[in-house]
Amino acid sequence: MQKLNELGAREVVKRLAARQITAEQLARACLARIEEREGTVGAWIHLDPDAALAQARALDAGPLRGPLHGLPIGVKDIIDTADMPTCYGSPAYAGHRSLGDAAGVALARAAGALILGKTVSTEFAWFHPGKTANPRVPENAVPRTPGGSSSGSAAAVADAMVPLAFGTQTAGSIVRPASYCGIVGYKPSHGTLPRSGVKTLAESLDTLGVMARSPGDAALLVGALSGRDLLPAPLASGSLASAPKIALCRTHEWPAAQPETAAALEHAAKAAAKAGARVKELALPKEFAGLLQAQIDLMNYESYRSLASDRLHHWDGLSETLKKLLATASKVSAARYDEARALTAACRAMLGDVFGDADAIVAPSAPGEAPLGLAATGDPVFCRVWTLLGVPALSIPCSQGPNGMPVGVQVIGRIGDDARALAVAEWLQPVLA
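What comes next concerns the included structure.

Rules used in this analysis
- Residues numbered from 1 in each chain as written.
- Predicted model: local features only at pLDDT ≥ 70, side-chain atom pairs only at ≥ 80, totals over all residues.
- Heavy atoms only, no water.
- Pairing = 2+ DSSP bridges.
- Helix = DSSP H or I, 4+ residues; strand = E, 2+ residues; numbered from the N terminus.
- Axes fitted to C-alpha atoms, helices over the stretch in contact; angles between N-to-C directions.
- Core = buried A, V, L, I, M, F, W, Y, C linked by side-chain atoms within 4.5 Å.
- Buried < 20%, exposed > 50% of the residue type's maximum accessible area, 1.4 Å probe, protein only.
- Parallel < 35°, antiparallel > 145°, perpendicular 65-115°, else oblique.
- Contact = heavy atoms within 4.5 Å.
- Salt bridge = Lys/Arg side-chain N within 4 Å of Asp/Glu carboxyl O.
- Expected span 1.5 Å × (residues − 1).
- Right-handed = clockwise from strand over helix to strand, strands pointing away.

Regarding the sheet that holds strand S4 (residues 164–169)
So, step 1. One open sheet holds the 11 strands; their spatial order is S1-S3-S2-S4-S6-S5-S10-S11-S9-S7-S8, and the pairing between them is mixed. Across the chains shown, the open sheet's two edge strands, defined by having one partner strand only, are strand S1 (44–47) and strand S8 (278–282). For this sheet the average axis-to-axis angle between neighbouring strands, irrespective of direction, equals 30 degrees.
So, step 2. Taken together, the five bridges between S4 and strand S6 (residues 207–212) define a ladder with antiparallel strand orientation. Note that in S6 the partner of Ala165 across the bridge is Met211.

Here we look at the nonpolar core
So, step 1. One finds Phe166 and Ile361 to be the most contacted residues of the largest nonpolar core, which totals 131 residues.
So, step 2. Residues Val137, Tyr180, Ala366 and Ala370 belong to the second largest nonpolar core, which totals five residues.

Some points on the packing of helix H1 (residues 9–17) against helix H7 (residues 215–226)
So, step 1. Contact pair H1 / H7: the axes reach a minimum separation of 8 Å and the direction vectors enclose 60 degrees. Judged by the angle between their axes, H1 and H7 are oblique. Of the residues in H7, those touching H1 at Ala9, Arg10 and Val13 are Gly216, Asp217 and Leu220.

Let's talk about the pattern of salt bridges
So, step 1. Considering all chains together, one arrives at 23 salt bridges under this definition.
So, step 2. Of the charged contacts in the structure, one is a salt bridge between Arg250 and Glu281, with a shortest N-O distance of 2.6 Å. Of this pair, Arg250 sits in the loop between strand S7 (245–249) and helix H9 (259–274) while Glu281 sits in strand S8, and the two are 31 residues apart along the sequence.
So, step 3. Glu320 is the salt-bridge partner of Lys323, the closest N and O atoms lying 3.5 Å from each other. Of this pair, Lys323 and Glu320 are both found in helix H12 (residues 320–329), three residues apart, which corresponds to roughly one turn of the helix.
So, step 4. Owing to a relative accessible area of 16%, Lys323 belongs among the buried residues under this scheme.

What to know about helix H16 (residues 418–432)
So, step 1. In this model, H16 (15 residues) spans 21 Å end to end at C-alpha, consistent with the 21 Å of a helix rising 1.5 Å per residue.
So, step 2. Considered for burial, the residues of H16 that qualify are Asp418, Ala421, Leu422, Ala423, Val424, Ala425, Glu426, Trp427, Leu428, Gln429 and Leu432.

Looking at the pairing of S7
So, step 1. Summarising burial for S7: four of the five residues are buried, a large majority.
So, step 2. Looking at chain direction, S7 and S8 are connected through five bridges and run parallel. From the neighbouring strand, Leu248 faces S8, where its bridge partner is Glu281.
So, step 3. Once the chain exits S7 it traverses H9 before rejoining the sheet at S8, and the crossover so formed is right-handed.
So, step 4. Here S7 pairs with strand S9 (residues 360–364) via three bridges, running parallel.

Next comes the structure, spelled out in structure tokens:
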């Protein structure tokens, strides 16, 4: 029998709504798992068990508050919380308290969610890693990164510490760690969820999303917060009305794919076709080859400016990694930035033709298995372009690499058509398993 902390979010909220379990029972199960494993995984930067249990008891004592009633959620440390420190993954902000909740956190609370604690983020959601280790690594083996920047959120969900956790993505910070940790990471269409109260890195790219164990669980949170029906009947029943049309895309970044990623994409194509999907190869237009560098230029230009206050007032508290990133970012001219934006707009206008009659594109999530060690968080090379284009993207577990570590594939939808991308991912996940 599954323990309460191992249940998916949709199953949990169903039992909570029926009063078959209490929010306190569920919170205690999650906290027990954290106590058991946190010394190994290091997913959390702030946790107050007494405060979490007080929240749970208050939820149990009152009426159902909404679609997330009693559901424990982890919150990435770059997202403001009124009742917990928000340190942005940086010693420069140790003990920092925001004046209120980020909009996404406040919406989750209003829908009945229980904010369990704050999860580890890389510094300012860029590349300097935190303490978190990948929970999928066997005991006594060399640690591997969980990915970044949503390191703690991915590890906490993967290790059954919490059913859902907020992540953010500016390059590949949801999709890549989800692939490395063998879970679902959902980056909604840009702007689907409000970013007020989230530490800004690059405002035209930053996207609030979620780590989960299934696409439907991810849809539950984002749908509740956005007021969108992302759980239509076909998705809720576990299948599409008919098998989807899938465009298999190796992307212009294919030379970065390691053998396990190539094998994962091949497995996805064969398994989907065997299950009835119509799978076709998709070669992106030549113009898309410039989008990788465009994303890097745009992210650097905007990040250098959004972190102006930190450069002025917190320089001595920043990591050497971040200082080097900022030095590189400072060299991107306004002309290069404008060129990047123009190319992005032109390629975004081509997306209708790129998708054609496909329900979704399936592409790599990451170059391969999670790299060894905790000194770096891996390469977002297969995520940058899709983040730049603003499309919805999900990583779902697909296969294992040569060291037994998870390898995901990315399901990508049209801008604003998140429900269909989620439906394809929900259909595909059990097919790949």
